[in-house]
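Examination of the molecular architecture
Here is what each chain is made of, one letter per residue.
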Amino acid sequence: AAAAAGGAARTVSVDCDKNWLAYLDHSLAANGVENPPRAVGKQHDAIYGDCFDWLKRLAKRGERYDWVILDPPSTSTVNGKRWSAARDYKTLAALAAPLVADSGRLVCT
């Protein structure tokens, strides 16, 4: 929502927390951001699922973004797999890198 509020023409949020994703439309509206439907999805899409899987899918589809922002929790469990930033961040960043457009930015928090 912050990127959309800052003027991003399109955003895609991937998370394994349905509650967080459900809050996205409220957050966009609270920031005065419209979210009109598009031919496929919305201008500011929310995808439920494992980000490791979705980063691979988005890359395979040829998606490219000016900004890719990674903001995972320090630890989590998704589909029985334990995530640890200390152990897994390098893999996450490597999966996100192909999604960054030429002269784009990858931001890791």
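Located above this text is the structure these notes cover.
Computed from a prediction, not measured in an experiment: that's the story for all the values here.

A few words now on unusual backbone geometry. A negative phi angle is the norm for most residues apart from glycine, just as the trans form is the norm for most peptide bonds. Even without a glycine there, the phi angle at Ser103 is positive, about 65°. Position of Ser103 relative to the elements: it lies in strand S6 (residues 100-108).

Applying the stated criterion across every chain, the model contains 2 aromatic pairs. On the basis of an interplanar angle of 55° and a centroid distance of 5.7 Å, the ring pair of Phe52 and Trp83 is categorised as tilted. A residue pair is termed long-range when its members are at least 10 positions apart, and Phe52 in helix H3 (residues 51-60) and Trp83 in strand S5 (residues 81-84) qualify at 31 residues. A relative accessible area of 8% means that Trp83 is categorised as buried. Aromatic pair Trp83 and Tyr89: ring centres 6.1 Å apart, planes at 55°, arrangement tilted. Classification of Tyr89 by relative accessible area gives buried; the value is 16%.

On to the pattern of salt bridges. If you walk through the whole model with that rule in mind, you get 4 salt bridges. With a shortest N-O distance of 3.5 Å, Arg61 and Glu63 are connected by a salt bridge. The class of Glu63 is buried, set by a relative accessible area of 18%. Between Arg87 and Asp88 there is a salt bridge whose closest N-O contact spans 2.9 Å. You can call Arg87 exposed: its relative accessible area is 52%.

Conventions adopted
Residues numbered from 1 in each chain as written. Predicted model: local features only at pLDDT ≥ 70, side-chain atom pairs only at ≥ 80, totals over all residues. Heavy atoms only, no water. Helix = DSSP H or I, 4+ residues; strand = E, 2+ residues; numbered from the N terminus. Phe/Tyr/Trp six-rings, centres within 6.5 Å; stacked < 30°, edge-to-face > 60°. Buried < 20%, exposed > 50% of the residue type's maximum accessible area, 1.4 Å probe, protein only. Salt bridge = Lys/Arg side-chain N within 4 Å of Asp/Glu carboxyl O.

This is a description of form; function is not addressed.
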